[in-house]
Amino acid sequence: MAAARRFERLVHDERPLPPGERSAALRDALALWRGSPFADLSYESFLQGEIARLDELRLTALEDRVEAEVELGAHDGVIPDAARLAAQHPDRERLCRLLMLAYVRAGRQQEALDAYEATRRALD
């Protein structure tokens, strides 16, 4: 539980930071993540809301890290993570937008269009 609270605090505290510091803070926060929250108690109905909330916070932190790295110009480096995450979560429009932006800024326009088409199909 302490790691979850520390994760939340780190994710919350990074928001006003410049992109380089934000990326580093998010990497530190995400390094705390180990498997599913409350994995040993995941069958308990009273924890389902908290598990879903922490999973959503983790996905948002991943999106924030991708965004910070795109802002830093690390397009090529962030594409593999962003592509994997977009494939796992095709309904996360922000993540798909960031992937397309990284592709365009890396000069990979066709892949950006392919990502757009995949997102359009997934949301259709």
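Note: the structure precedes this text.
Residues numbered from 1 in each chain as written. Predicted model: local features only at pLDDT ≥ 70, side-chain atom pairs only at ≥ 80, totals over all residues. Heavy atoms only, no water.

Trainee: Outline the overall build of the protein, listing residues and values.
Mentor: A tally of helices and strands in the protein yields six helices and zero strands. When the helices and strands of the protein are placed in sequence order, the string is α-α-α-α-α-α. With the principal axes as the frame, the protein shows a C-alpha extent of 45 × 35 × 20 Å. Taking all 124 residues of the protein together, the buried fraction comes to 38%. Residue pairs at least 24 apart in sequence account for 58% of intrachain contacts in the protein once pairs closer than 6 positions are excluded. Surface exposure of the protein reaches about 7,200 Å², of which carbon and sulfur atoms provide 54%. (Helix = DSSP H or I, 4+ residues; strand = E, 2+ residues; numbered from the N terminus. Buried < 20%, exposed > 50% of the residue type's maximum accessible area, 1.4 Å probe, protein only. Contact = heavy atoms within 4.5 Å. Areas by Shrake-Rupley, 256 points an atom, 1.4 Å probe, with all protein chains shown as cover.)

Trainee: Which residues make up the packing of helix 3 (residues 48–71) against helix 4 (residues 75–88), and what are the values?
Mentor: It is the contact of helix 3 with helix 4, at a shortest axis distance of 9 Å, that shows an interaxial angle of 155 degrees. Judged by the angle between their axes, helix 3 and helix 4 are roughly antiparallel. In this structure, the crossing between helix 3 and helix 4 has a hand that is left-handed. In contact with Leu-62, Arg-65, Val-66, Glu-69 and Val-70 of helix 3, helix 4 contributes His-75, Val-78, Asp-81, Ala-82 and Leu-85. (Axes fitted to C-alpha atoms, helices over the stretch in contact; angles between N-to-C directions. Parallel < 35°, antiparallel > 145°, perpendicular 65-115°, else oblique. Left-handed = near helix turned anticlockwise from the far one by under 90°.)

Trainee: Can you lay out the pattern of salt bridges for me, pointing to particular residues and giving the numbers?
Mentor: Per the counting criterion, the structure on display carries 18 salt bridges. Note that Arg-65 is salt-bridged to Asp-81, the shortest N-O span being 3.2 Å. Here the residue Arg-65 occupies a position in helix 3, and Asp-81 occupies one in helix 4, the gap between them amounting to 16 residues. Relative accessible area serves as the criterion here: at 4%, Arg-65 is assigned to the buried category. Among the salt bridges present, the one from Glu-67 reaches Arg-94, with a minimum N-O distance of 2.7 Å. With Glu-67 in helix 3 and Arg-94 in helix 5 (residues 93–105), the pair connects residues that are 27 residues apart, well separated along the chain. (Salt bridge = Lys/Arg side-chain N within 4 Å of Asp/Glu carboxyl O.)

Trainee: Pulling in residues and values, what's your account of the nonpolar core?
Mentor: Phe-7, Val-11, Ala-61, Val-66, Leu-99 and Tyr-103 are the most contacted members of the largest nonpolar core, which totals 28 residues. Secondary structure elements with two or more residues in this core: helix 1 (2–14), helix 2 (19–31), helix 3, helix 4, helix 5 and helix 6 (109–123). (Core = buried A, V, L, I, M, F, W, Y, C linked by side-chain atoms within 4.5 Å.)

Trainee: Any details on the side chain of Arg-65? Residues and values, ideally.
Mentor: At a separation of 3.2 Å, a polar atom in the side chain of Arg-65 contacts the side chain of Asp-81. If we ignore the near neighbours within four places in the chain, the residues touching Arg-65 are Ser-23, Leu-26, Arg-27, Leu-30 and Asp-81. (Polar contact = N/O pair within 3.5 Å; in protein donor to acceptor, adjacent residues only side chain to side chain.)

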